[in-house]
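What follows is each chain in one-letter form.
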Amino acid sequence: MKSLRRLALVAFTLVASTAGLAAKPVAGPKGGKILTTEAPHAEFFVEKDRKVTVTFYDKGLKPLPSATQVVSAIAEAKGGKVTLAFDPSDTRFVSKTALPPGDGYTVVVQIRETAGARPKNYRVLFHDETCGECKRAEYACVCDDAGGEHKHEEKKK
Ligand SMILES: [Zn+2]
């Protein structure tokens, strides 16, 4: 009887950990945030000069050459919305201008597969700090399940 219960517990733990894994955000190879749940993956990354780069990856997170995609972003900064246009380079898209000052605002990244395609929108909450736990940029933190409130937020309040 005892061993049967134990078996049930093991099975339950297995299921729980698999579910946990699925909810955990994928860590972007550059240290940015992976926006997508399925390949081709798109990574949002803020450079030191606050310009945004978007890099595409295949299933195994190998960088894909910039192809036909069209990328743009809208920074919903406290001072007003700012639209960023992107230039393709060989392996990524780089914004022509930097993110507006401040942080704690949403950046909506729009990706079109081709120029005429309908855009897909991805929202990123931009924080210009480093997470103390995973040492990644706060907006790309992989500590919590996606969508969960972050500890950093609570500390600030
Ligand atoms: Zn973290």
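The sections below set out a description of the structure shown in this document. From a predicted model like this one, the values you see are computed outputs, not experimental measurements. (Residues numbered from 1 in each chain as written. Predicted model: local features only at pLDDT ≥ 70, side-chain atom pairs only at ≥ 80, totals over all residues.)

### Comments concerning the nonpolar core
For step 1, the next point in the chain: Counting residues in each nonpolar core, the largest one holds 26 residues, and the members touching the most others are F44, V52, V54, A73, V107, V109 and V124.
For step 2, the next point in the chain: If you list the elements that add at least two residues to this core, you get β2 (41-46), β3 (51-57), β4 (70-77), β5 (80-88), β7 (105-112) and β8 (120-126).
For step 3, the next point in the chain: For F44, the residues in contact, after removing those within four places along its chain, are G32, K33, L35, V52, V54, V109 and V124. (Core = buried A, V, L, I, M, F, W, Y, C linked by C-beta atoms within 7 Å. Buried ≥ 20, exposed ≤ 12 C-beta atoms within 10 Å, placed from the backbone. Helix = DSSP H or I, 4+ residues; strand = E, 2+ residues; numbered from the N terminus. Contact = placed C-beta atoms within 7 Å.)

### Overview of the pairing of β3
For step 1, the next point in the chain: Counting buried positions over the seven residues of β3 gives five, a clear majority of the element.
For step 2, the next point in the chain: Bridge count for β2 against β3 is six bridges, and the pairing is antiparallel. From the neighbouring strand, H41 faces β3, where its bridge partner is Y57.
For step 3, the next point in the chain: Where β3 lies against strand β6 (residues 93-98), three bridges are found, and the strand directions are antiparallel. Within β6, the residue paired with V54 across the bridge is F93. (Pairing = 2+ DSSP bridges.)

### Things to note about unusual backbone geometry
For step 1, the next point in the chain: At the junction of A39 and P40, the peptide bond is cis and its omega measures out at -5° in the coordinates.
For step 2, the next point in the chain: Summarising the element assignment, P40 is placed in the loop between β1 (33-34) and β2.
For step 3, the next point in the chain: The backbone of R50 shows a phi angle near 70°, a positive value even though the residue is not glycine.
For step 4, the next point in the chain: Along the chain, the position of R50 falls in the loop between β2 and β3.

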